[in-house]
Amino acid sequence: MPLLTNISTLYTCAGPGQGDVGAIADGALAWEGATIRWAGALRDLPAEFRAWPREDAAGGMVIPGLVDCHTHLAFGGWRAGDFERRLRGETYLQIAEAGGGITSTVRATRALTEDALAERAAGFLGEMLALGVTTVEAKSGYGLELDAELRTLRAYRRLAEAGPVRIVPTFLGAHTVPPEFRDRREGYLDLVVREMIPAVARERLAVFCDAFVERSAFSVDEARRVFQAATAAGLVPKLHADQITPGGGAELAAEVGAVSADHLECVSEAGITALARAGVVAVSLPIATLYLGQAPQPSRRLIDAGVPVAVATDFNPGSAPSHHLPLALTLACTMQRLSPAEALQGATRIAARALRLDDRIGSLEPGKQADFAVLDAPDVTHWLYQFRPNACVRTVIGGVTRCTRDPSAHSESRP
Ligand SMILES: [Zn+2]
């Protein structure tokens, strides 16, 4: 039954609005087992908690455990060659013809066993945990054949069981048409709908079903077919929408009752209105925007229209080869004009909502899971302004400390 005190600023992130982070100076946090019992200002601490054994946050700030609600966590190989070709101005097609692109990741992923996929992803998860990340959504989509898709999702199941980071698995069979189906894409969709989705549902290997709705991937009609099958099998839709072109992805997200529409760099006005009406979360992925040199997601227009905006890494070997969620938050401020408080809310409560977990995680309130991070910074503005390799000094999941770092080992944040 610890009581954490000496907190410069405690962010409960319990408010309904994009920027309602509930900042509390000189905060205190009490938890019992895996569950939060109390969060507030130390001066308001109820008598029943005063005798609880105290732990010292050393004047750091405390936030809910970060939720990375969009990653492609398990994959084979890297694509540094693509990075260089893109810098030279080569097109998507030229890169693919040179043996790069998503097809090269599919080849490298298919070559890995479930053990190898899990082991590699576990390494990334350990680094994310050290940054204060406590929940990670993880997509399949580099197998693109039944066995390799199931292998990826089984690797996620194994990581979820091993813990400590919470894993939310998403089936992304409709990521791209694999090379062997290039001339018969209908045949690939048949495979996704008739074999993959039923197999994933039978083993309960995924919570969500994602699809990449883009000119280079799947049309609105093709994705609608995938979502109809997914919904019938008990999977909840989520989609990659309007990233490179405004293709009606946001409108489809609203139509199929998706929990989130992700990317939206090119979302139309009609798409924004549809998302707002349907209560879909917009997930922004500024690391991918940065790497692809695109105009950013119009987050201010989304927020003004009443669409909550989450922020995630999109960690993948092509367009976002970094799993650094705090970097994504700083970029969401500089590129998308989110305030630091809005960005924080986007990687906590709103990100939890994009995973339908906001009743359990994403905010520091009595009854919620005791998932939180202690950061060596006085407040959220300073944290996201002074970008550092890692400001997190302690990560707690379900009331158990899973990672600690010595704050004196890195650069000073205090004035
Ligand atoms: Zn993605």
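To keep things clear, this report deals only with the structure shown in the data block. (Residues numbered from 1 in each chain as written. Predicted model: local features only at pLDDT ≥ 70, side-chain atom pairs only at ≥ 80, totals over all residues. Heavy atoms only, no water.)

Looking at the packing of helix H5 (residues 146-162) against helix H6 (residues 185-202)
Direction vectors running N to C along H5 and H6 enclose 25°, while the axes themselves pass 10 Å from each other. Considering their axes alone, H5 and H6 lie roughly parallel with respect to each other. The two elements H5 and H6 cross, and the hand of that crossing is right-handed. On the side of H5, the interface is formed by Leu146, Glu149, Leu150 and Leu153, while H6 contributes Glu195, Met196, Ala199 and Val200. (Axes fitted to C-alpha atoms, helices over the stretch in contact; angles between N-to-C directions. Helix = DSSP H or I, 4+ residues; strand = E, 2+ residues; numbered from the N terminus. Parallel < 35°, antiparallel > 145°, perpendicular 65-115°, else oblique. Left-handed = near helix turned anticlockwise from the far one by under 90°. Contact = heavy atoms within 4.5 Å.)

Describing helix H9 (residues 269-278)
Within H9, the full set of buried residues consists of Gly271, Ile272, Ala274 and Leu275. Across the axial projection of H9, the buried residues extend over an arc of 165°, all falling on one side. Of the surrounding elements, those touching the buried residues of H9 are helix H8 (249-255), strand E11 (260-263) and helix H11 (299-304). Looking at the residues trailing H9, positive phi occurs at glycine 279, about 70°. (Buried < 20%, exposed > 50% of the residue type's maximum accessible area, 1.4 Å probe, protein only. Arc of directions from axis to C-beta.)

As for a nonpolar patch on the surface
Judged by side-chain polarity, Phe83, Leu87, Leu290 and Tyr291 come together as a nonpolar surface patch covering roughly 380 Å² of accessible area. For the nonpolar patch, the secondary-structure elements that each account for two or more residues are helix H1 (80-87) and helix H10 (286-292). Overall, the relative accessible area of 45% leaves leucine 290 in the partly exposed class. (Patch = residues over 30% accessible without salt bridge, like charges linked within 9 Å, V, L, I, M, F, W, Y side chains within 5 Å. Areas by Shrake-Rupley, 256 points an atom, 1.4 Å probe, with all protein chains shown as cover. Salt bridge = Lys/Arg side-chain N within 4 Å of Asp/Glu carboxyl O.)

A short note on the side chain of arginine 151
Among the secondary structure elements, arginine 151 is positioned in helix H5. Nearest to the buried, unbridged arginine 151 among oppositely charged side chains is glutamate 145, at 4.9 Å. (Lys, Arg positive; Asp, Glu negative; His and termini not counted.)

Some remarks on the coordination of the zinc ion
Four donors placed tetrahedrally about a metal ideally form angles of 109.5 degrees, and six donors placed octahedrally ideally form angles of 90 or 180 degrees. Ligation of the zinc ion by protein atoms is provided by His70 (NE2), His72 (NE2), His240 (NE2) and Asp314 (OD), these donors lying 2.1 to 2.2 Å from the ion. Classification of the site at the zinc ion rests on its four donor atoms, whose angles at the metal span 85 to 167°, yielding the label irregular. (Donors = N, O, S within 2.8 Å, 3.2 Å for Na, K, Ca; no water. Tetrahedral: all angles 85-135°; square planar, octahedral: opposite > 155°, others 65-115°.)

Thoughts on unusual backbone geometry
Across the junction of glycine 163 and proline 164, the peptide omega takes the value 0°, indicating a cis bond. Relative to the helices and strands, proline 164 resides in the loop between H5 and strand E8 (166-174). A positive phi is found at histidine 263, a non-glycine position, where the angle reads about 90°. Among the secondary structure elements, histidine 263 is positioned in strand E11.

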